[in-house]
Amino acid sequence: VRVAPEGVSGKVLRIAAQEGDRVKAGDTLIELDHQSAQAQFQRAQANALLADRELRRVRQLVAGHGLPPRDLDTATAKNESAQADLKLAQLSLDHTTIKSPIDGIVVQKTAEVGNIVEAGQTLMTVADVDHAWIAANIEETSVGLVKVGQSVRITVDEGGQLEGKVLEIRQSVA
């Protein structure tokens, strides 16, 4: 699974996982600079609070016939817009912390601290080794020793071993 920032770009401040590390879904992998997103969130929070207070005041005035109903419509729309802006700002802030979407092993890291990265740019790849499959070529003299359902242990070139079972055997044409 390719891991990339969603809807945000920025400078990489911290890398919390390296190639070969086992990670769980939700683990922080990379942190981007969040100062701008934090400031936008705070501004949106203040605007939402102001819009909410204004809506309450306008409701009271309209109820007492001090303002026309259209002012209530305007205040309601402004409040809903401010609440939506707050949600968007929260999402942007949340997306500056990039988390693993699955349990797995980091098999590739392309980002370094200090890099400026764009939304959608792959920063890491996490492999789901619990559901991985491997295609292997078996020598003719050994193919008779391999059976469907047989437990196997695979040694990976980069180090480590994986355990699994043979699901199928296919013939190959050379």
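The notes below deal with the structure included here. If you're wondering where the values come from, they're calculated on a predicted model, not measured in any experiment. (Residues numbered from 1 in each chain as written. Predicted model: local features only at pLDDT ≥ 70, side-chain atom pairs only at ≥ 80, totals over all residues. Heavy atoms only, no water.)

### What about the overall build of the chain?
Along the chain, the regular secondary structure elements total 2 helices and 10 strands. In the chain, the succession of α and β elements from N to C terminus is β-β-β-β-α-α-β-β-β-β-β-β. Over its C-alpha atoms the chain spans a radius of gyration of 27 Å, topping by over 25% the 16 Å that the globule rule assigns to 174 residues. The principal-axis extent of the C-alpha atoms belonging to the chain is close to 95 × 35 × 25 Å. About 12400 Å² of surface is accessible on the chain, with carbon and sulfur atoms providing 50% of the total. Averaging the positions of the 19 positive and the 24 negative side-chain charges in the chain gives two centres separated by 7 Å. (Helix = DSSP H or I, 4+ residues; strand = E, 2+ residues; numbered from the N terminus. Rg over C-alpha atoms; globule rule 2.2 N^0.38 Å. Areas by Shrake-Rupley, 256 points an atom, 1.4 Å probe, with all protein chains shown as cover. Lys, Arg positive; Asp, Glu negative; His and termini not counted. Charge placed at Lys NZ, Arg CZ, Asp CG, Glu CD.)

### Digging into the pattern of salt bridges
Overall, the coordinates contain 6 salt bridges when judged by the stated rule. A salt bridge links Lys-109 to Glu-112; the nearest nitrogen and oxygen atoms lie 2.8 Å apart. Assessed through its relative accessible area of 15%, Lys-109 is described here as buried. Note that Glu-168 is salt-bridged to Arg-170, the shortest N-O span being 3.2 Å. Each member of the pair, Glu-168 as well as Arg-170, carries the same accessibility label: exposed. (Salt bridge = Lys/Arg side-chain N within 4 Å of Asp/Glu carboxyl O. Buried < 20%, exposed > 50% of the residue type's maximum accessible area, 1.4 Å probe, protein only.)

### Things to note about the sheet that holds strand S8 (residues 124–127)
Backbone hydrogen bonds are what pair the strands of a sheet, in a parallel or an antiparallel way. Here 4 strands make up an open sheet; going across it, the order is S1-S8-S6-S3 and the pairing antiparallel. Looking at strand neighbours, the two that pair on one side only are strand S1 (2–3) and strand S3 (22–23), the edges of this open sheet. Note that S3 and strand S6 (residues 104–109) share 2 bridges and pair antiparallel. Pairing of Arg-22 across the sheet is with Ile-105, part of S6. (Pairing = 2+ DSSP bridges.)

### A closer look at the environment of Val-58
Inspection of the secondary structure assignment puts Val-58 in helix H1 (residues 35–63). What makes Val-58 buried here is its relative accessible area of 6%. Each C-alpha atom of the pair Val-58 and Lys-165 lies 68 Å from the other, and the pair is 107 residues apart in sequence. For Val-58, the residues in contact, after removing those within four places along its chain, are Leu-67, Asp-71, Leu-72 and Ala-75. (Contact = heavy atoms within 4.5 Å.)

### Thoughts on the nonpolar core
In terms of nonpolar packing, the biggest core is built from 17 residues, with Val-12, Leu-29, Ile-30, Leu-32, Met-124 and Val-126 touching the most fellow members. Taken together, the elements giving at least two residues each to this core come down to strand S2 (10–15), strand S4 (28–32) and S8. Per-element accounting of this core gives the leading share, 3 residues, to S4. Ignoring sequence-local partners within four residues, the contact set of Val-12 consists of Ile-30, Glu-31, Leu-32, Ala-111, Glu-112, Val-113, Gly-114, Asn-115 and Val-117. The next biggest cluster of nonpolar side chains, apart from the first, holds 9 residues, and it includes Phe-41, Ala-82, Leu-86 and Leu-93. (Core = buried A, V, L, I, M, F, W, Y, C linked by side-chain atoms within 4.5 Å.)

### Structural notes on the pairing of S2
One ladder, built from 2 bridges, connects S2 with strand S7 (residues 116–117); its direction is antiparallel. Pairing of Gly-10 across the sheet is with Val-117, part of S7. Alignment of S2 against S4, held across 3 bridges, turns out to be antiparallel. Counterpart to Val-12 in the pairing with S4 is Leu-32.

### Considering the packing of H1 against helix H2 (residues 69–94)
Between H1 and H2, the least distance of the axes is 8 Å, while the angle of their chain directions is 160°. On the basis of the axis angle, H1 is roughly antiparallel to H2. H1 and H2 meet at a crossing whose hand is left-handed. The residue makeup of the contact of H1 with H2, split by class, is 15 nonpolar, 9 polar and 5 charged. (Axes fitted to C-alpha atoms, helices over the stretch in contact; angles between N-to-C directions. Parallel < 35°, antiparallel > 145°, perpendicular 65-115°, else oblique. Left-handed = near helix turned anticlockwise from the far one by under 90°. Nonpolar A, V, L, I, M, F, W, Y, C, P; charged D, E, K, R; others polar.)

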